[in-house]
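An overview of the molecular structure
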Amino acid sequence: MEQGIPPLIFWIFVGLGIIVQGIGKSGFAAGVGILTIPLMMLVMPVDKVVATLLPLLILLDFNAIYHHWHNKVWEKILEIYIPSLFGILLGVAVWWYIGQEGLERYGVHVKRFVGCIAILFALYIIARERALKWVNHLHLGPKTHWFAGTSAGFTSTIAHSAGPIVSLYLFAQGMGKSLFVGTTAWTFTLINLTKLPFYIGIGLIDKDILFFDLTLLWLIPIGSYLGKWMHDRVSERSFNRVIMVFVLLAGIQLVSNVNLIHLVLRNVLKPLLG
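Parameters at a glance
- Residues numbered from 1 in each chain as written.
- Predicted model: local features only at pLDDT ≥ 70, side-chain atom pairs only at ≥ 80, totals over all residues.
- Heavy atoms only, no water.
- Helix = DSSP H or I, 4+ residues; strand = E, 2+ residues; numbered from the N terminus.
- Buried < 20%, exposed > 50% of the residue type's maximum accessible area, 1.4 Å probe, protein only.
- Contact = heavy atoms within 4.5 Å.
- Core = buried A, V, L, I, M, F, W, Y, C linked by side-chain atoms within 4.5 Å.
- Axes fitted to C-alpha atoms, helices over the stretch in contact; angles between N-to-C directions.
- Parallel < 35°, antiparallel > 145°, perpendicular 65-115°, else oblique.
- Left-handed = near helix turned anticlockwise from the far one by under 90°.
- Nonpolar A, V, L, I, M, F, W, Y, C, P; charged D, E, K, R; others polar.
- Phe/Tyr/Trp six-rings, centres within 6.5 Å; stacked < 30°, edge-to-face > 60°.
- pLDDT = per-residue confidence, 0-100.
- Patch = residues over 30% accessible without salt bridge, like charges linked within 9 Å, V, L, I, M, F, W, Y side chains within 5 Å.
- Areas by Shrake-Rupley, 256 points an atom, 1.4 Å probe, with all protein chains shown as cover.
- Salt bridge = Lys/Arg side-chain N within 4 Å of Asp/Glu carboxyl O.
- Polar contact = N/O pair within 3.5 Å; in protein donor to acceptor, adjacent residues only side chain to side chain.

So, on to the overall build of the protein. Looking only at helices and strands, one finds 13 helices and zero strands in the protein. In the protein, the order of α-helices and β-strands from amino to carboxyl end is α-α-α-α-α-α-α-α-α-α-α-α-α. The burial tally for the protein puts 48% of its 274 residues in the buried class. Summarising the internal contacts of the protein: among those between residues at least 6 apart in sequence, 83% fall at separations of at least 24.

What follows is the structure, given as structure tokens:
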């Protein structure tokens, strides 16, 4: 927990982050899980956020591939996964270096990196329909998968934020919805499983992180249920626009390194409460 953050605010932000992740993995408004990272980074140290999320993401990935066991194209999975190994190694090297030099020195840079990704993703949500139409008619070169895979591996290792990269690349393959969803799920399962031993090896994940994850497990089925419930009741476009606003605000806060939560608590709530 970040200093100065009340426990109630901490649990609200963390809880919402996990629930949003469950909603995104349910198949409704895919990609909204990008909000989880910047949301949690407002109330937690950056290294604890990525460490906490990885085991939970793996559980969500297992659930996704269970429902899409046969909906996959191994050729496309390997096109992303194999080059992602280079990105994963680069990302692990960055986290190891940060651990050696001290999070206090580089934590702000990681936040700004995540903030930039969040802002870019918010813009992607705004222009998503046009982007997908453009990608659908795009003829990718034979080496494109190396760039996409390496970028996905690196951004996934630093901040679990490779969703847009993988989604745009696989969407351009014209596989159809079921194969697209299943292939994406299998790709992230392999990437996240590969990251796990490295996270443990450099000390990002320890027993305290795993115990903390146990307190959050019950939020995953809530998010999954909400996603399925909203599927036929809530406009996915409207929901995405709401998420886009929150992603944009959180991204701006991380880039500017100005935490509005601290400002509100200090300048608004504290005077009101005396």
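Moving on, we come to the nonpolar core. In terms of nonpolar packing, the biggest core is built from 53 residues, with Val 14, Ile 18, Met 41, Val 43, Met 44 and Trp 95 touching the most fellow members. Counting residues per element, this core draws most heavily on helix α3 (residues 46-67), which supplies 10 residues. The residues touching Trp 95, leaving out its near neighbours within four places in the chain, are Val 46, Asp 47, Val 50, Val 110, Thr 157, Ile 158, Tyr 199, Ile 202 and Leu 204. Membership of the second largest hydrophobic core comes to 13 residues, among which are Ile 88, Val 92, Ala 152 and Tyr 169.

What follows concerns the packing of helix α4 (residues 74-101) against helix α9 (residues 177-201). Following both chains from N to C, one finds α4 and α9 inclined at 30°, their axes separated by 9 Å at the closest point. As the angle between them shows, α4 and α9 are arranged roughly parallel. Of the two elements, α4 crosses α9, and the hand of that crossing is right-handed. For the pair α4 and α9, contact is made by Trp 74, Lys 76, Ile 77, Ile 80, Tyr 81, Ser 84, Leu 85, Ile 88, Leu 89, Val 92 and Trp 95 and by Thr 183, Trp 186, Thr 187, Leu 190, Ile 191, Thr 194, Lys 195, Phe 198 and Tyr 199, respectively. For the contact of α4 with α9, the class distribution of residues is 14 nonpolar, four polar and two charged.

What follows covers unusual backbone geometry. Non-glycine residue His 160 carries a positive phi angle of around 50°. For His 160, the location among the structural elements is in the loop between α7 (144-159) and α8 (163-171).

Another point: the packing of aromatic side chains. Two numbers describe a pair of aromatic rings. These are the distance of the centres and the angle of the planes. Applying the stated criterion to the full structure yields seven aromatic pairs. Pairing Phe 86 with Trp 146 gives two aromatic rings, centres 6.1 Å apart and planes at 50°, and the pair type is tilted. Residue Phe 86 is located in helix α4, and its partner Trp 146 is located in helix α7; the two are separated by 60 residues in the primary sequence. With a relative accessible area of 52%, Phe 86 lands in the exposed category. Since its relative accessible area comes to 37%, Trp 146 is described here as partly exposed. In this structure an aromatic cluster arises from ring pairing among Phe 10, Trp 11 and Phe 212.

Its place among the elements puts Ser 224 in helix α11 (residues 219-231). In this structure Ser 224 comes out as buried when scored by relative accessible area, which is 15%. Beyond its immediate stretch of four places on either side in the chain, Ser 224 contacts Gly 22, Ile 23 and Ser 26.

In this section: the confidence of the model for the protein. On average, residues of the protein score 82 in pLDDT, and 83% of them reach the 70 mark or higher. The secondary-structure element of the protein with the lowest mean pLDDT is helix α13 (residues 260-273), recorded at 52, while helix α10 (residues 207-216) shows the highest, at 94.

So, on to a nonpolar patch on the surface. Taken together, the side chains of Leu 59, Phe 62, Leu 193, Phe 211, Leu 214 and Leu 217 define a hydrophobic patch exposed on the protein surface, amounting to about 540 Å² of accessible area. If you list the elements that add at least two residues to the nonpolar patch, you get α3 and α10. Along the polypeptide, Leu 193 turns up in helix α9. Take Leu 193: its relative accessible area is 34%, and that puts it in the partly exposed class.

Once that is clear, we can look at the side chain of Thr 52. With respect to the element layout, Thr 52 can be found in helix α3. In terms of polar contacts, Thr 52 uses its side chain to reach the backbone carbonyl oxygen of Lys 48, at 2.7 Å. In this view, Thr 52 contacts Met 40, Met 44, Ile 209, Phe 212, Asp 213 and Leu 216; residues no more than four positions away in its chain are not counted.

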